[in-house]
Every structure is written in structure tokens, then in C-alpha cells.
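A closer look at the structure
The primary structure of each chain is shown beneath.
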Amino acid sequence: MQKQFFLWGGFFGFSGVALGAFGAHGLKKILSPEMLAVFETAVRYQMYHAFALCVIAFLADRSGQRFAKFSGFAFITGIILFSGSLYAMALSEVRMLGFITPFGGISFLLGWLFFFLSALKIKKEN
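Presented here is a report on the structure given in the accompanying data block. (Residues numbered from 1 in each chain as written. Predicted model: local features only at pLDDT ≥ 70, side-chain atom pairs only at ≥ 80, totals over all residues. Heavy atoms only, no water.)

Details of the overall build of the protein chain
Threshold: Strands here are runs of E lasting at least two residues and helices are runs of H or I lasting at least four, both read from the DSSP assignment and numbered beginning at the N terminus. Residues are treated as being in contact if the distance between any of their heavy atoms lies within 4.5 Å. The Shrake-Rupley method, run with a 1.4 Å probe, gives the accessible areas here. Residue values count only the displayed protein chains as cover. Only four residue types enter the tally: Lys and Arg on the positive side, Asp and Glu on the negative side; His and the chain ends are excluded. Where a charge sits is defined by one atom per residue type, namely NZ (Lys), CZ (Arg), CG (Asp) or CD (Glu).
In terms of regular secondary structure, the protein chain is built from four helices and zero strands. Start at the N end of the protein chain and walk to the C end: the helices and strands fall as α-α-α-α. When contacts within the protein chain are restricted to residue pairs at least 6 apart in sequence, those whose partners lie at least 24 apart make up 77%. Only carbon and sulfur atoms are counted for the fraction: they give 71% of the accessible area of the protein chain, which is about 7400 Å². Looking at the protein chain, you have 11 positive and 5 negative side-chain charges, and the mean spots of the two groups are 9 Å apart.

Quick look at the structure:
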């Protein structure tokens, strides 16, 4: 499980930087300021949670797998639903896609709750 979360964290980190650069350089003249801000929010949350996935990979090793696993999968789901829906909305300007975004937000919240529970289970070293 540890390797899987490192891989997802690396993938989302890489793609987040690439999308951020694309947004800053390629979309600046194409998107409205409002939709560019939506795109930037998607990138920001993707990057926060890419980093969190890497932390979860370390935490899983020290605290046991159960809550860390739930946290990691919730973060992955959150990135796909939250950031993915914002990317799609910004690029298509179909505002109805925004109804998906709160489900991603809930996934992020659950991920942080499971992260907290996993941290409580950290094994003390002798």
C-alpha cells in the first residue's frame, strides 16, 4: 500500500505542476478570469492532496494500514471528483459540472478525518 500511495502522489504531483503551467501559460488568454480562478483552485487542491498522499505512505508504515488506506483512497477520490470537476467546468464552462465538486470536498474531509485517526494509531518506538 505504501508504494501505491507514493505512486499516486507522484502522478498527481507531476500532473498538477503540468496543469498549473498549462493554466498559467496556455489558458490565461483563453479562459475568463473567473474560469481561470476555478482552474487554479483545482490545481491547488490537487497539489495539496498529492503531497498528502506521500505523507500517508509514510504514515501507513508507522500506524498500520487501515485508516491510512482509507485516507489515501479518499484523497485520490477527492482529487478526481473535486479537481476533475473543476477542470472540466473551467475548460467547458458547463457550470452544471459543479454539482460534482462537493462530493470531492466530502472525500477530502473524510481523507483528513482518516488521516487524523491513523495518526492516533502511530506506534511508539521503544
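Having seen it, we continue.
Observations concerning the pattern of salt bridges
Rules: We define a salt bridge as a contact between a side-chain nitrogen of Lys or Arg and a carboxyl oxygen of Asp or Glu at a distance within 4 Å.
As enumerated under the stated definition, the model contains one salt bridge in all. Measuring nitrogen to oxygen at the nearest pair gives 3.0 Å for the salt bridge that ties E34 to R95. Residue E34 is located in helix α2 (residues 33-63), and its partner R95 is located in the loop between α3 (66-92) and α4 (101-120); the two are separated by 61 residues in the primary sequence.

A look at the packing of aromatic side chains
For the record, the criterion: Only the six-membered ring of Trp is used, alongside the rings of Phe and Tyr, when aromatic pairs are assigned; centres must lie within 6.5 Å, and planes under 30 degrees apart are stacked while those over 60 apart are edge-to-face, with the rest tilted. Relative accessibility decides the category of a residue: with a 1.4 Å probe and only protein chains considered, values under 20% of the type maximum give buried, values over 50% give exposed, and everything between is partly exposed. Only Lys NZ and Arg CZ are tested; either one counts as a charge over a ring when it is within 6 Å of the ring centre and within 35 degrees of the ring normal.
Tallied over the entire structure, the rule returns 16 aromatic pairs. Measuring from centroid to centroid gives 6.1 Å for W8 and F11, while their planes differ by 85 degrees, and the two rings are edge-to-face. One end of the pair is W8 and the other is F11, both in helix α1 (residues 2-26) and three residues apart, which spans about a single turn. Given the relative accessible area of 48%, F11 is considered partly exposed. With centroids separated by 5.2 Å and ring planes inclined at 55 degrees, the aromatic side chains of F70 and F114 adopt a geometry described as tilted. Here F70 is found in helix α3, whereas its partner F114 is found in helix α4, with 44 residues between them in sequence. Each residue in the set Y45, Y48, F82 and F108 is aromatic and connected to the rest through ring pairs, giving one cluster. Here the basic side chain of R66 rests over the ring of F67, its NZ or CZ set 4.6 Å away from the ring centre.

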